[in-house]
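Residues per chain, in single letters:
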Amino acid sequence: MHRRSFLRAGLSLGALPLAPAAGAASFAACPVFDPSDWDSVRAQFALSRDVIHMAMFYLASHPKPVADAIEGHRRALDENPVEAMHAQQGVADERQRRAAAEYIGGSAEQIALTDSTTMGLGLVFGGLVLRDGDEVLTTEHDHYSTHMSLEHRAERTGARVRKVGLYDDSASASAGEMVDRLRKAITDATRAVAVTWVHSSTGVKLPIAALSTMIAEVNRDREPADRILLCIDGVHGFGIEGADMDSLRCDFFIAGTHKWIFGPRGTGIIWGRPEAWQRVQPVIPSFGPNYGVWLGYLTSEQVQPASRMTPGGFHSFEHRWALEEAFRFHLEIGKSRVQARIHELNTRMKEGLAALASVRLRTPMSTALSSGIICFEVDGVPPEQVVERLRNKGIIASTTPYREQYARLAPSLINNEEEVERCVAAVAELS
Ligand SMILES: Cc1ncc(COP(=O)(O)O)c(C=O)c1O
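No experiment lies behind these values; they were computed from the predicted model shown. (Residues numbered from 1 in each chain as written. Predicted model: local features only at pLDDT ≥ 70, side-chain atom pairs only at ≥ 80, totals over all residues. Heavy atoms only, no water.)

(A) Fine view of the overall build of the chain. Counting its regular elements, the chain contains 18 helices and 13 strands. Relative to the compact-globule value of 22 Å for 431 residues, the chain shows a C-alpha radius of gyration of 22 Å, a close match. Within the chain, the proportion of its 431 residues that are buried is 57%. Across the chain, contacts joining residues at least 24 apart in sequence account for 71% of those joining residues at least 6 apart. Carbon and sulfur atoms make up 51% of the accessible area of the chain, which amounts to about 18,200 Å² in all. The positive charge centre, built from 46 side chains, and the negative charge centre, built from 53, are 3 Å apart in the chain. (Helix = DSSP H or I, 4+ residues; strand = E, 2+ residues; numbered from the N terminus. Rg over C-alpha atoms; globule rule 2.2 N^0.38 Å. Buried < 20%, exposed > 50% of the residue type's maximum accessible area, 1.4 Å probe, protein only. Contact = heavy atoms within 4.5 Å. Areas by Shrake-Rupley, 256 points an atom, 1.4 Å probe, with all protein chains shown as cover. Lys, Arg positive; Asp, Glu negative; His and termini not counted. Charge placed at Lys NZ, Arg CZ, Asp CG, Glu CD.)

(B) Seen up close, the pattern of salt bridges. Under the criterion given, the structure shown has 31 salt bridges. Salt-bridge contacts for D93 lead to R320; the nearest nitrogen and oxygen are separated by 3.8 Å. Pair noted here: D93 is in helix 5 (residues 92–104) and R320 is in helix 14 (residues 317–320), with a separation of 227 residues, a long-range link. Its relative accessible area of 26% is what places D93 among the partly exposed residues. Relative accessible area serves as the criterion here: at 6%, R320 is assigned to the buried category. Each of E71, R74, R75 and D78 takes part in one network of salt bridges that share partners. (Salt bridge = Lys/Arg side-chain N within 4 Å of Asp/Glu carboxyl O.)

(C) Just the side chain of R222, in detail. Examined against the element boundaries, R222 turns out to sit in the loop between helix 9 (208–219) and strand 6 (229–233). D188 provides the closest opposite charge to the buried, salt-bridge-free R222, at an N-O distance of 4.5 Å. In contact with R222, other than residues within four places in its own chain, are I186, T187, D188, T190, R191, R227 and I228.

(D) Region of interest: the nonpolar core. By size, the foremost hydrophobic cluster in this structure holds 50 residues, and its most contacted members are I104, I208, F238 and F253. What F253 contacts, discounting residues up to four positions off in sequence, is W197, I232, G234, F238, A243, M245, L248, I269, I270 and W271. Residues M54, L345, V381 and I395 belong to the second largest nonpolar core, which totals 25 residues. (Core = buried A, V, L, I, M, F, W, Y, C linked by side-chain atoms within 4.5 Å.)

(E) Highlighting helix 6 (residues 117–127). Within helix 6, eight of the 11 residues are buried, leaving the element largely enclosed by the surrounding structure. If you check which residues of helix 6 are buried, you get T117, G120, L121, L123, V124, F125, G126 and G127. Capping the start of helix 6 is the job of one residue whose side-chain oxygen sits 3.4 Å from the backbone nitrogen of T118: S116. (Polar contact = N/O pair within 3.5 Å; in protein donor to acceptor, adjacent residues only side chain to side chain.)

(F) Spotlight on the sheet that holds strand 6. Read from one edge to the other, the open sheet built from seven strands follows the order 2-8-7-6-5-3-4, with strand pairing classed as mixed. Edge strands, defined here as strands with exactly one partner in the open sheet, are strand 2 (111–114) and strand 4 (160–164). Each adjacent strand pair in this sheet contributes to an overall mean axis angle of 20 degrees, direction not counted. Taken together, the five bridges between strand 7 (residues 252–256) and strand 8 (residues 268–272) define a ladder with antiparallel strand orientation. Paired with I254 across the two strands is I270, which belongs to strand 8. Along the sheet face, helix 6 touches strand 2, strand 5 (190–196), strand 6, strand 7 and strand 8 and points at about 150 degrees away from the line of strand 7. Sheet strands in contact with helix 7 (residues 144–157) are strand 3 (135–139), strand 4, strand 5 and strand 6, and its direction is about 165 degrees off that of strand 3. (Pairing = 2+ DSSP bridges. Axes fitted to C-alpha atoms, helices over the stretch in contact; angles between N-to-C directions.)

(G) Structural context of the packing of aromatic side chains. One pass over the full model with this rule turns up 15 aromatic pairs. Between W197 and F253, the aromatic rings sit 5.8 Å apart at their centres with planes inclined by 80 degrees, giving edge-to-face as the arrangement. Of this pair, W197 sits in the loop between strand 5 and helix 9 while F253 sits in strand 7, and the two are 56 residues apart along the sequence. Residue W197 is classed as buried on the basis of its relative accessible area of 5%. (Phe/Tyr/Trp six-rings, centres within 6.5 Å; stacked < 30°, edge-to-face > 60°.)

(H) Geometry of the pairing of strand 6. Counting buried positions along strand 6 gives five out of five residues, so the element sits mostly inside the fold. Both faces of strand 6 are covered, namely the face carrying L229, C231 and D233 and the face carrying L230 and I232. After leaving strand 5, the chain enters helix 9 and then returns to the sheet as strand 6, a path that is right-handed. The pairing of strand 6 with strand 7 spans three bridges and is classified as parallel. Bridge assignment links I232 to a residue of strand 7, and that residue is F253. (Right-handed = clockwise from strand over helix to strand, strands pointing away.)

Written out as structure tokens, the structure is:
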């Protein structure tokens, strides 16, 4: 990727003002939250109202309950950092893990807290027990953070990383073909499969449960240490698809919570099955109960593996401790309502774009194979220019930070039908 493209990849913002714009909203005017009303949901965000935000999957704006919680913790820490810390020690992390488990299923003991998707991927892949000759299989569609975490691990262990393409044409990708291609790429040496739930490169959503069934079949005749772990970068999809670990049936689910979940910036989680946690070793010392092992009053067997995998050191605690509010925000609205709403807005946008002769959708139309992110091309207009020209029309879009670039629009809970229509009309005027 060229330097200029790299700097602008992900989010081409044009000349965004740094100071709050004239249309800036504030929490002062925020009505009481009514989770049954989409206008009220939208009103919980202090987003500037003079632009249409269509790239919120890139980095969250904090909804009011999250912002209020952050502010409360910040004030307590500023007033008396040591005692504020002591008051929360041993309880705040547990509250976040319980809130995460309430949202995704499973139990708090299966969840580690992180600062981002990238940190989670680095911890899981960096700590994966691999022997010389073992292999990890990933795909050509995965994010830089997955590829690099695996590459770093391979350098240290002598394990091999292989990449497989799951589709040639993203718009016509099919679940059967994706499962089939992955199955064919698995060898006797494969110990882990690292895939992304929703590709930020194309908007394609993988059939995770079907992949899991296929891998379970391969694992059936293997010794426990040789079984393939299915590791998901779930950051896109998480906060849309009503993620539920029982139905996804993966081994590790790794996600930042500062995108679709609208959690505090700088937060994330790793969920892992108990047997899967046994296959990774900690990379960064945790400050939880593991400290007791070092002090000599606990044995390592008494410490949950997920707790040991939560990196220690001091964090931006006002953010970390406010994560539970984001899960609560989603649960108050209702996971299935969130999913239906985002798909409804996405389908409206995709149908509008598909009807334009100048546009080629790169994301499948099917809601079974897409989620939240819509990638597209406009004839004769490079993706960066699409984004820049949309910005000039007051729309914040983004480009894919991958070798092959597309423009992206991503309607989310903070958008409505009128904004979707205005985006389609603006794209229509581009070519
Ligand atoms: C698929 C995917 N994985 C990981 C990341 C990195 O996420 P984080 O900023 O939480 O580390 C991104 C980018 O935003 C992404 O699109």
